[in-house]
Structures are given as structure tokens and as C-alpha cells.
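Overview (structure and organization)
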Number of protein chains: 2
Amino acid sequence: MTQEEIKLALRGTLIHAPAAGDIEVLQDALIAVDNGGRVAAVSGPGQPDYGKLEHMAREAGKLEVLSAGEYLLPGLVDTHVHAPQWPQLGKALDRPLDEWLMNYTFPLEARYADTDFARRVYENLVHTLVANGTTTAMYYATIHLEASTRLAEICLEKGQRALVGKIAMDNPDQCPDYYRDASTGQGLDDTQNFIEQVQGMPGNSHGLVLPVVTPRFIPSCTDEMLQGLGEIATRTGCHVQTHCSEGDWEHAYVLERCGKTDTLSLDGFGLLTPQTVLAHCNFIDDDDMGVIKERETGISHCPLSNLYFSNAVFPAREALDRELQVGLGTDIAGGANPGILHNCEMAVTASRAREDGVNADLGATERGTPGARIDFREAFWMATAGGGEALGLKVGKFLKDYAFDAIVVDTSVADTNLIIWEEMDTGDDILQKIVYNAERRNITRVWVQGEQVKN
Amino acid sequence: MTQEEIKLALRGTLIHAPAAGDIEVLQDALIAVDNGGRVAAVSGPGQPDYGKLEHMAREAGKLEVLSAGEYLLPGLVDTHVHAPQWPQLGKALDRPLDEWLMNYTFPLEARYADTDFARRVYENLVHTLVANGTTTAMYYATIHLEASTRLAEICLEKGQRALVGKIAMDNPDQCPDYYRDASTGQGLDDTQNFIEQVQGMPGNSHGLVLPVVTPRFIPSCTDEMLQGLGEIATRTGCHVQTHCSEGDWEHAYVLERCGKTDTLSLDGFGLLTPQTVLAHCNFIDDDDMGVIKERETGISHCPLSNLYFSNAVFPAREALDRELQVGLGTDIAGGANPGILHNCEMAVTASRAREDGVNADLGATERGTPGARIDFREAFWMATAGGGEALGLKVGKFLKDYAFDAIVVDTSVADTNLIIWEEMDTGDDILQKIVYNAERRNITRVWVQGEQVKN
């Protein structure tokens, strides 16, 4: 590359997870970003191009050197966010799921017919997620075309990479009268219009914000809707998102109505593609995993939410062993925390609960699922590169041609619980401490596609 | 009370949990603190003494009015902290327990023979816990008399209410050569000396810092040591702390060695008193619960740590239903977070894991323990008043004659994830949001016994 082609170069300690379970700590490395916001080169001391690159970046006035205590990590990827539920975060978690949905969630989602309300909430949400280091987020909006488009515009304004879906839900048996698509045809038309509006947003020619075909989940959609959405997905090549085998009720409902599992049913509707992300998948079986792998479909693991509303925890160990594409999701507001790092911690914690079990009344051999644990390295991979794979986007790793989506974690920020003891913390200890104790305040800078979005 | 007797008065919204499951939100209330640092009066608008008290406090120049967005809560009580493990927080959680102990924890604890090292770590720890709103902490130090006394001094210097124990561990079968009491007699003498040193510390005449008789746990102590410690506890009336039925290995070891459960064995050694706190108790049975209730012994529930190293989760629901005295513990560093609010969230989360189960391969009816959930109200009670009861201290409630140990949570602090929507969040929503999303930064002021220790 030439001096003019450098948009930005950073020198410092880089930490990323190029593969599940594999952490690379690159000390005093240099990363150069091109004018398209992509990683142009990553080089370490002693490598042939290191001195030349550094010299060139310095000459161009584009070199930033990280301070002691600062670490450059890939930006965090949140593969499952219910944007309209943002005001509900941390509320009514003590209510049963049906009450939570019917008395809190659906009435709240219905309010987004009011686009001023939508703008107010969505600006707060996107700002908060970026501040927490979420450089890519996959959002469910509501059934409302206009408010859903607002969310896409706000992501673009704030520079967050986003995948946004207008929700489709038309089944009168399962959706309240006051909150469902006016008709199947209207829901499909709105989905098609939404896709065009997002793709045509001024300033979105590079596709920073992508539209997503979004059946809420099988129970809330008619077969006709699911079929129609499958056709739209095929025709447009757009991403797809939906919930899959989340809890006992849903899993049983789909088996009863469709005669097969969520996974196989969605596949039958043409909704399992390499651009699809299935949220939860707690009750998928071996055959389901096989189909998901074959279709190169992604999974969004939402560990905190699993422990509240899903009746079980996603088998993350088994999914990683089968090399599925698994990212992490906050599942706002079913998961009551906006941080993907917090969900990294929870992914490990939930896997430990699976491994050992939780019920002391059972004997040790009946209680758990031996070998079910994952560790912080695997959770961090899911939070970054795994999320990128699930979404089919080149984000989450410091590799040439990947988008430069990155965060600086500053362990020297005062008044936080992230405390490094220099003489005692070595190797990937620092990453483990970041996973367990970094706070929003420690995330001091955030870039998306080479543009700084938190300063 | 007279004007001269007022040390401090605050007017604003008070939230506390006077009983398990029962949250009181006192709007625009007035709380007056006497010169001894105790609550002298709590009054609400319309109550007879409200106007008089406010006038008197204002005249005395002692009235502070909380701003909009500020809430006064009881100080948080952490009933289980391994102080020397502080540098290990968030490290090696991926290692098996025996490796975690033998390769990390014991070598680290052995370093506290160096009192300079001890001072450096302990100052950082106590500062951090206070900053997180922990007004009372019950600490295990190490086997070292001098370093353990240092910890007590640091708590006193920083104004944190603390209960500190020099660890006793003398069983050569279970403790490494480099880290155990030189002999049973030495361990007992050091315990006795430690008690006297802490009680005699200059400035400690009111007993802000209390010594604790601390057998690490049955496996690491000989019967002679346990018997001797029981006698010291009886003679001095001091607090006692130890681990009880934490995991499968320990539970089985004690059954094998003593022929009865941890609880009954400790009782036999004279170690179950109203001043005793038993950490974990995950595997206690119905009879154990009965004895614990009869002895008025406290329990420290450490939910985050449970999910990593305990093979099961403490039956919090059952313990609350039996009206046991249960507080929360971080179990630093087995629990990788210094915040009691985080452990509030985890107490709810762990109870949900118990209720529904986590293993999707089991049928819904075999998977969980129906009715096992607790909610944020009960968790918050454990974090405050329950902890006070477990310790036998009048802390954790805004009631006359209780110590004024309190925190201000400021929901208006910028750049945090605690977001209140005024028109949507009512009643105890704000407390639930605090439990799930308050960060260290939101805790802007902390008082212990009427003295402000974080500003």
C-alpha cells in the first residue's frame, strides 16, 4: 500500500480470536487500515514490512500508538436484539413469560406506531450499544414499516454496522389484535418495501446497514406468511432472522402444528440460508444441527436470556464441536444487559451450569452434562469472529480484508473493577479479566469500518 | 432528638427491604442520623414529626436533599470474601478446582507472609469494595497473623465495617507444606492473638472491625484444631466463619471422615453459633437446615461462585421459605466479580436455572425444581438486611437504631447502562433496574456508621 492509501494505523497490543478457542495476543503489533475501512495489513516486530509500514503511517500523520494498559480488540457483535424492548430492560423479569409478553412486551412494541417515540428510544439504544463496544448489531424492530426504517437510519447516522428487520407476525391465533400485521399480504408488502427503503437510504451504498427478513417466530406467523417471506429471502438474497426452538412451549407448538422441528420447518419454508441467524436453538437435536451446518446457517446464543425465559441452555459445547457458526446475543430485553462482554461471561457461566448441573438433590452423575463447559476463549470468539461468521460478514478478526471494526479496552481507567496486576497477569489473563470485569467505561474508543464512532 | 444530636439528615427517595420479598419505596422521606452514626428517625411527608425534623436538620445545617435520579439504599453486605485472592479475580476460571487451588490460590495466599504485598493488595481490595457500595464485608485473610491484622487495620482506616479472620488450616493431609499453620497449637495461639489485636486496635473501640474465628473448612483442619477453635469461639463470643457443604468432593469427604454432614460436624465442634456464617451450604439437607435455624446461624449464598466451583446451586428458595438468615457473598475470587449488586442479579439468575433446569435433553418435568425461583426483591433483601441478620448486626434497613450504612445510587450518571424512563418506570421498577444494570459509577456516595467513605 502507499502512504495515501492509509486511513489509519495503530500500534499496540492486539488481542483477537481467529478460531474458536484460539486467542492471539500480538504485542506491539501494527495494524493498518485502508481508505475503505478494511484491514490492509497486520504486522509484528521483526516481520519484514513492520518498519516500513510504521514509517509510512508516521510520515502520513496517521499513526496512533496505544498507551500502556490499552488493548485493541475486535468490535463486539450482537446477533440478537429486540430494539423496541429497550425501555423494558431489567423490568418485569419476575413475571411469567406469557405475562411478560402480553402485559409488557406487546403493548410496548405497539407504541412504535408513534415514530417520535421510536426515534427517542432507538437513538438511546444505538448510542448505548456503541458505547458498550457493539460494532455490529442484528435488530428486530416492530411490525411498523416507518419506525423500523427509523431504526435503520439511526444506525447509519451513528455509524453502527446493523442488520435490521421489520417484524412479520400475522397469525391471529397467537398475536394480539392491537399488534399484528393488518394482513398477510400487507406484512409481505411491508417487508419488501422495508428492504428497498433500507437498501436505498442515502449514504448506505456500501451496505453498512442491511435489511433482514424477519418472521418473529413460527407461532406468530401463518404458513402463507412464512412461505412468502422465504420467497422474498430467496429473491433478494437478504439476511433472515427468527427464533428457533427457544423454549418448551414453542418447541412443542411447532412440532404439533408443522409435524417437525422448528429447524426443519423453517428449512421447508426456504428460510434457512447462509444469511440466516436463528436465535436460541436451545432444543435443537442432532438432525437439526446437521441441517443448520449444511445450510451454513448461523445461530445466536443468548445465554443470559436462556436462564430467564428459555427453560434450558443452548448446547454451546456441542455446537462448537460441530463447527457451527455461533455468535452471541444480548436478546434485549429478555436478557437484561446490553453488553456483549457480559454475555461472554454468561456464556461461560451457563455452560458451567450445564456441565455440573444445578440441582443438589440429584447425584453428581445424574446432575450435569459432562464436558459441556466452554471457556472465555470460546465465548470471546463467539462475541467477535463467531458472530461475524453467523452473519456472513468479514468482521471480528484482525485479518487482511476484514472490516476494521474494533474497540480499545483501557485497563487504566480510574474507578472501574478491571484491575491488572502487571507482575502477575500474563498471556491471556488480561483477556479473561476483560471478559469478567470490563465495564462500559473501559471501552474508550470504538471504530466501525475504520470510522471512529466512540471517542 | 435535639438539633445538636443530629449528625446528618437526608431527604429523598429511600428504598429498602425490611423483610424478604418486601420492598419499601419511601418517597421524599427524611432520615436523620445521630452522632453515634445510627438511624434516629425515618419519616415521610404527612407524618407528625416530618416538618419538625426537617426544620431542625435545616437549622443545624445538616440537611442534604437528594437530587432527582438519586436513591438512598442500605449499604451492601458481602458475607464471603477471600481477601488474598483479590489479584486472582477473573483468572484461571477455566481450570479445574484442584488445579485452581493448588497452582493458583494456595501459592498466591502463601505470598502474604510478605506484609508489604499484603498491604498493597488489601488497600486496593477494600477501596474497590467500598467503591462498589459494600459497607460491610466478612473476610477470610490468610494463615499469617501479621498480614491478617494488616487487613483489619486497612478496613478500619478506610471506614469499612468488616469482620476479618486469620485462617486456621493445619491438616497436613489436605494443606500444602508451604501453606499451613506451623502446628495446631500455633494456629490456635495465632487465632487468639489475632482476636486480641483486632479488638485492641486504636480507634476500634466501637467494634467497627470484628475478629472472626476462621477454620478454612473441615478438610483443611484437624479435629483438634476444630475443637480448639470451637472453644475460642465459645470463650470469646466472636464470630465464626467457614465453608459448609460447598461441593461434591467436600461434602463426601466430611461424611466419610466425620460420619455426618458438615453442618452436624461443625455443630459438634461448637462452631455453630448465632455469630457463625456458613459459606455456600449447597448440599445441606432438611435436617441441616433445621439445625442451622435452631442455632440462628447465618448462611452466605455465593451464586456466581456456585456456578463455577460448587457442582450445584444453593437452595435459596427453600432457605427463605424456612426463614433462615441468608446473606450474599461475592466469594472473591471463586466468584469473579466484586459487586454485591452483580451477585443479586446472579442470585435470581441461578434460582431460575434451578427452577427450569438447564439440560434440554431432559423432559420439562424432569429438568428443574418447580417453584425454586427467587426474585430481585428477595435477592436485594439478602444483599442488605439478610446479610445483616446472618452477621447478627443491625445493618441493612432504614429503621431506628440501625447503623446508618447506606449508598446513593445516582441513575443520572452519564455513560452508564442504568437508564430510567420516567413515564414508564414505576414502583419497584427502579430497584429492579438498579439490581440488573447499576455500575460502580452509579454508586456515588457511601456511608458507614454515619461516616461518608465514598464521595
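This paragraph deals with the overall build of chain A. Helix and strand counts for chain A stand at 15 helices and 17 strands. Taken against the 2.2 N^0.38 rule, which gives 23 Å for 455 residues, the C-alpha radius of gyration of chain A at 22 Å falls within 12% of a compact globule. Seen through its principal axes, chain A has C-alpha atoms that stretch 65 × 60 × 40 Å. Total accessible area computed for chain A in this model is approximately 14,800 Å², and 46% of it derives from carbon and sulfur atoms.

On to the interface of chain B and chain A. Taken residue by residue, the interface counts 68 residues in chain B and 68 residues in chain A. Both sides of the chain B and chain A interface together cover about 5,900 Å² of buried area, and 47% of this is carbon and sulfur. By the criterion of area lost to chain A, the three top residues of chain B are B:Tyr308, B:Val358 and B:Trp421, representing 12% of everything that side buries. Connecting chain B to chain A are twelve salt bridges. In this structure, B:Arg377 and A:Asp94 form a salt bridge, with 3.0 Å as the shortest nitrogen-oxygen distance. Elements with a minimum of two residues in the side of chain B that touches chain A: helix H3 (115–131), helix H10 (303–309), helix H12 (340–356), helix H13 (364–367), helix H14 (376–391) and helix H15 (429–437) of chain B. By residue number, the principal contributor to the side of chain B that touches chain A is H12(B), which donates nine residues. A per-class count over the side of chain B that touches chain A returns 29 nonpolar, 16 polar and 23 charged.

Expressed as a screw transformation, the operator carrying chain B onto chain A has a rotation angle of 180° and an axial translation of 0.0 Å, and the superposed copies differ by an RMSD of 0.0 Å. Both copies are brought into coincidence by an operation consistent with a two-fold rotation axis. Here 100% of the contact residues of chain B are again contact residues in chain A; the copies associate through an equivalent surface.

Right, let's get into the packing of helix H3 (residues 115–131) of chain A against helix H4 (residues 145–158) of chain A. All names here are of chain A. The geometry of H3 relative to H4 is characterised by a closest axis approach of 9 Å and an angle of 35° between their N-to-C directions. Crossing of H3 over H4 shows right-handed handedness. Where H3 approaches H4, its residues Thr115, Ala118, Arg119, Tyr122, Glu123, Val126 and His127 are matched on the opposing element by Glu146, Ala147, Arg150, Leu151, Glu153, Ile154, Cys155, Glu157 and Lys158. In terms of residue class, the contact of H3 with H4 is built from seven nonpolar, two polar and seven charged.

Attention now goes to the pairing of strand S15 (residues 406–410) of chain A. Residues and elements named next belong to chain A. Burial runs high along S15: five of the five residues are buried. Two strands pair when backbone bridges link them, and strand S5 (residues 70–74) and S15 are joined in this way by five bridges, in the antiparallel orientation. Residue pairing in the sheet places Glu70 in a bridge with Asp410 of S15.

Time to look at the pattern of salt bridges. Under the counting rule described, the total for this entry stands at 70 salt bridges over all chains. Notably, a salt bridge pairs B:Arg295 with B:Glu294, separated by 3.4 Å at the nearest N-O pair. Taking the relative accessible area as the measure of exposure, B:Arg295 reaches 30% and is therefore partly exposed. Looking at B:Glu294, the relative accessible area reads 60%, which means it is exposed. Through salt bridges with shared partners, a single ionic network connects A:Asp94, A:Arg95, A:Glu99, B:Asp375, B:Arg377 and B:Asp428.

What follows covers the pairing of strand S1 (residues 6–19) of chain B. All names here are of chain B. Counting buried residues in S1 gives twelve out of 14 residues, a clear majority hidden from the surface. Sheet analysis places S1 next to strand S2 (residues 22–34), joined by ten bridges and oriented antiparallel. Opposite Ile15, over in S2, you have Val25 as the bridge partner. A loop of two residues connects S1 with S2, the two strands running antiparallel in sequence, and Gly21 in this loop sits at a positive phi of about 90°. Inspection of the sheet shows S1 paired to strand S4 (residues 63–65) by three bridges, in the parallel sense. Residue Leu10 lies in a different strand from S4, and its bridge partner there is Glu64. Across two bridges, the pairing between S1 and strand S5 (residues 70–74) is parallel. Across the sheet, Thr13 pairs through a bridge with Tyr71, a residue of S5.

On to empty space enclosed by the protein, then. All names here are of chain A. The full count for this structure, using the stated rule, is five cavities of 30 Å³ or more. As a volume, the largest cavity reaches approximately 520 Å³. Top contributing element to the lining of the largest cavity by residue count: helix H12 (residues 340–356), with four residues. Looking at the lining of the largest cavity, its residues break down into eleven nonpolar, twelve polar and six charged.

What follows is about the packing of aromatic side chains. All names here are of chain A. Counting across every chain of the model gives 18 aromatic pairs over all chains. Taking 5.9 Å as the distance between ring centres and 45° as the angle between the ring planes, the aromatic pair formed by Phe106 and Tyr179 counts as tilted. Of this pair, Phe106 sits in helix H2 (residues 97–110) while Tyr179 sits in the loop between strand S9 (167–168) and helix H5 (184–199); the two residues are 73 residues apart in sequence, bridging distant segments of the chain. Here Phe106 matches Tyr179 in class, with each residue buried.

Attention now goes to helix H6 (residues 223–236) of chain B. Residue and element names in this part refer to chain B. Helix length check: H6, at 14 residues, gives a terminal C-alpha distance of 20 Å against a target of 20 Å (1.5 Å per residue), a fit within 8%. When H6 is considered as a whole, its buried residues turn out to be Met225, Leu226, Gly228, Leu229, Gly230, Ile232 and Ala233. Packing partners of the buried residues in H6 comprise strand S9 (167–168), helix H5 (184–199), strand S10 (209–215), strand S11 (239–244) and helix H7 (248–258). Looking one or two places after H6, you find Gly237, whose phi comes out positive at around 70°.

The next thing to look at is the state of the cysteines. Scanning the entire structure with this criterion turns up zero disulfides over all chains. As a non-bridged cysteine, A:Cys221 has A:Cys175 as the owner of its nearest cysteine sulfur, 7.0 Å distant.

Bringing the packing of H4(A) against H5(A) into the picture now. Residue and element names in this part refer to chain A. For the pair H4 and H5, interaxial distance at closest approach is 10 Å and the crossing angle is 25°. In terms of axis orientation, H4 runs roughly parallel to H5. Here H4 and H5 pass one another in a crossing that is right-handed. Two secondary-structure elements touch here, H4 through Leu145, Ser148, Thr149 and Ala152 and H5 through Asp190, Asn193, Phe194, Gln197 and Val198. Classifying every residue of the contact of H4 with H5 gives four nonpolar, four polar and one charged.

Turning to unusual backbone geometry, a few remarks are in order. All names here are of chain A. Look at the link from Ile332 to Ala333: it is a cis peptide, with omega at 0°. Position of Ala333 relative to the elements: it lies in the loop between strand S14 (325–328) and H12. Within the chain, Asn311 stands out as a residue other than glycine whose phi angle is a positive 70°. By secondary structure assignment, the location of Asn311 is in the loop between helix H10 (303–309) and helix H11 (316–321). In this structure, Asp401 takes a positive phi of about 80° despite not being glycine. Take Asp401: it is sitting in the loop between helix H14 (376–391) and S15. Overall, the relative accessible area of 39% leaves Asp401 in the partly exposed class.

Attention shifts here to H12(A). One turn of the α-helix equals 3.6 residues, which is why residues spaced by three or four share an orientation. All names here are of chain A. Here H12 spans 24 Å end to end across 17 residues, near enough to the 24 Å set by a 1.5 Å rise per residue. In terms of burial, H12 is a largely internal element, 16 of the 17 residues being buried. Following H12 by one or two positions, Gly357 adopts a phi angle in the positive range, close to 80°.

To continue, consider the environment of A:Thr234. With respect to the element layout, A:Thr234 can be found in helix H6 (residues 223–236). Taking the C-alpha atoms as reference, A:Thr234 lies 35 Å from A:Gln452; in sequence the two are 218 residues apart.

Analysis parameters
Here the residue numbering is sequential within each chain, running from 1 through the sequence in written order. Chain letters start at A and ligand numbers start at 1, both assigned in the order the entries are written. The predicted nature of this model means local features are confined to residues of pLDDT at least 70 and side-chain atom pairs, given and counted, to a pLDDT of 80 or more, with totals for whole chains, interfaces and linings taken over all residues. Note: side-chain values were computed over all heavy atoms of the structure, leaving out hydrogens and water. Elements are defined by DSSP. Helices are runs of H or I of four residues or more, strands are runs of E of two residues or more, and each kind is numbered from the N terminus. Just to be clear, the radius of gyration here is over C-alpha atoms, and the globule rule we use is 2.2 Å times residues to the power 0.38. Computed by Shrake-Rupley with a 1.4 Å probe, the accessible areas treat only the displayed protein chains as cover when residues are assessed. Should any heavy atoms of two residues lie within 4.5 Å, those residues are counted as being in contact. Simply put, the buried area is the total loss of 1.4 Å probe accessible area from both parts when two parts are fitted together. We count a salt bridge whenever a side-chain nitrogen from Lys or Arg sits within 4 Å of a carboxyl oxygen from Asp or Glu. Any residue outside Ala, Val, Leu, Ile, Met, Phe, Trp, Tyr, Cys, Pro, Asp, Glu, Lys and Arg is labelled polar, Gly included; the first ten of those are nonpolar and the last four are charged. The copies were overlaid with a least-squares fit restricted to C-alpha atoms from residues scoring a pLDDT of at least 70 in each copy. Axis definition: a line fitted to C-alpha atoms, limited for helices to the stretch in contact. Angles are taken between N-to-C directions and run from 0 to 180 degrees. Note on convention: near helix rotated counterclockwise from far helix by under a right angle means a left-handed crossing. Clockwise means right-handed. Exposure classes here rest on a 1.4 Å probe applied to the protein chains alone. A residue is buried below 20% of its type maximum, exposed above 50%, and partly exposed in between. A strand pair is defined by DSSP finding two or more bridges across the two strands. Every definition here rests on a 1 Å grid over the protein atoms only: cavities are sets of points where a 1.4 Å probe fits but cannot get out, pockets are open sets enclosed by protein on both sides within 12 Å along at least five of seven lines, and lining residues have some atom within 4 Å of a point. Grid points are joined across faces, edges and corners, and a volume is the space filled by probe spheres set on the points. Pairs were defined over the aromatic rings of Phe, Tyr and Trp, the Trp ring being its six-membered one, requiring ring centres within 6.5 Å. Orientation was assigned from the angle between planes: stacked under 30 degrees, edge-to-face over 60, tilted for the rest. What a helix should span is 1.5 Å times the count of its residues minus one. When two cysteine sulfur atoms are found within 2.5 Å, that pair is recorded as a disulfide. The scheme is simple: roughly parallel for angles under 35 degrees, roughly antiparallel for over 145, roughly perpendicular for 65 to 115, oblique for anything else.

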